[in-house]
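Each chain is listed here by its residues.
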Amino acid sequence: MGAGGLGREVAAMLNSYFKDQYSLLGYIDDGKVPNDKVNGLYVLGGMDWLLAQTQTLCVVFGIGQPAVCRKLYERLKHKNNLSYPNIIHPHARIHAPPFVSMGQGNVICDASILTTNISMGDFNLINLSCTIGHDAVLGSFCSIMPGVNISGGAQLKNGVYVGTGAKLIKATTLGKDSIVGAGSVVNTDVPDGKTYAGVPAKELKLP
């Protein structure tokens with residue numbers, strides 16, 4: 001789902017490391033022309049194409065905007081023929097798998113590390129080279145961009161976006177649909193729907 005930059009990265013991961021488990025059919029993207037090729041894979045169509053399918057299919061989200069992912073899933077969730085596997089790169093490390101739980105549709109990318117006693121919901125993206133410490137809790141539809149460090153005990157509510165290289169340096173809570181800017185250092189709770197950035201991170205007053 002998605003043929004932009006992130007979608008192409010997820011497709012490359014699937015093609016390189018998951019050929020024995022899945023046969024990658026192509027992209028679903030309303031912004032692309034059906035039957036065009038993107039990095040050697042066809043654009044199958046948009047959401048209407050997917051909604052019309054009756055065969056059993058796996059869907060993987062390659063979209064970085066939490067609100068967009070959530071909106072798309074709301075349109076798909078009644079389709080019993082679709083499933084949403086967790087895609088975990090073989091070079092990602094989960095130190096204590098029995099003590100790390102997750103729902104469906106999560107994507108964990110190359111070189112990311114999850115330690116122990118971590119809980120996450122559905123459709124979270126953990127991008128390249130992230131770390132998530134003990135007792136962290138992630139809701140659903142969170143996008144964690146490359147190089148983010150989430151310290152132990154942090155809580156991320158649904159729909160959080162954390163920009164590249166940001167750091168949560170203590171057990172902070174990021175509220176629902178909040179945004180943390182790239183390179184920020186967060187040492188305080190972030191309220192629902194707010195944007196924080198800087199070192200240390202402060203609220204940005206957006207127009």
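Before reading on, note that the structure itself is shown above.
Conventions used here
Residues numbered from 1 in each chain as written. Predicted model: local features only at pLDDT ≥ 70, side-chain atom pairs only at ≥ 80, totals over all residues. Heavy atoms only, no water. Helix = DSSP H or I, 4+ residues; strand = E, 2+ residues; numbered from the N terminus. Buried < 20%, exposed > 50% of the residue type's maximum accessible area, 1.4 Å probe, protein only. Contact = heavy atoms within 4.5 Å. Areas by Shrake-Rupley, 256 points an atom, 1.4 Å probe, with all protein chains shown as cover. Lys, Arg positive; Asp, Glu negative; His and termini not counted. Charge placed at Lys NZ, Arg CZ, Asp CG, Glu CD. Polar contact = N/O pair within 3.5 Å; in protein donor to acceptor, adjacent residues only side chain to side chain. Salt bridge = Lys/Arg side-chain N within 4 Å of Asp/Glu carboxyl O. Pairing = 2+ DSSP bridges.

Novice: Is there a simple way to explain the overall build of the protein chain in this structure?
Specialist: Counting secondary structure elements, the protein chain contains three helices and 24 strands. The C-alpha extent of the protein chain, read off along each of the three principal axes, is 45 × 45 × 30 Å. Taken over 207 residues, the protein chain has a buried fraction of 46%. Restricting the contact set of the protein chain to residue pairs at least 6 apart, pairs at least 24 apart contribute 23%. Put simply, the protein chain shows about 9,900 Å² of open surface, and 52% of that area lies on carbon and sulfur atoms. Side chains of the protein chain give 17 positive and 14 negative charges; the mean places of these two sets differ by 3 Å.

Novice: Just to check I follow, could you spell out the side chain of Asn81 for this structure?
Specialist: With respect to the helices and strands, the residue Asn81 is situated in the loop between α3 (66-76) and β5 (82-83). Overall, the relative accessible area of 12% leaves Asn81 in the buried class. Side-chain polar atoms of Asn81 contact the backbone oxygen of Gln53, separated by 3.1 Å. Setting aside residues up to four positions removed in sequence, Asn81 forms contacts with Gln53, Thr54, Gln55, Thr56 and Leu57.

Novice: What exactly am I supposed to notice about the pattern of salt bridges here?
Specialist: Where side chains of opposite charge bring their charged atoms close, a pairing between them can arise. All told, the structure shown has five salt bridges when counted by the stated rule. A salt bridge links Arg75 to Asp48; its shortest N-O distance comes to 3.5 Å. Taken together, the residues Arg75 in helix α3 and Asp48 in helix α2 (residues 47-51) connect sequence positions 27 residues apart. A salt bridge links Lys205 to Glu203; the shortest N-O distance between them is 3.5 Å.

Novice: When you look at the sheet that holds strand β14 (residues 137-138) in this model, what are you seeing that I'm missing?
Specialist: Hydrogen bonds between backbone groups are what pair the strands of a sheet, and the pairing can be parallel or antiparallel. Pairing within the open sheet is parallel, and its five strands lie in the order β8-β11-β14-β17-β20. Only two strands of the sheet have a single partner each, and these edge strands are β8 (100-102) and β20 (173-174).

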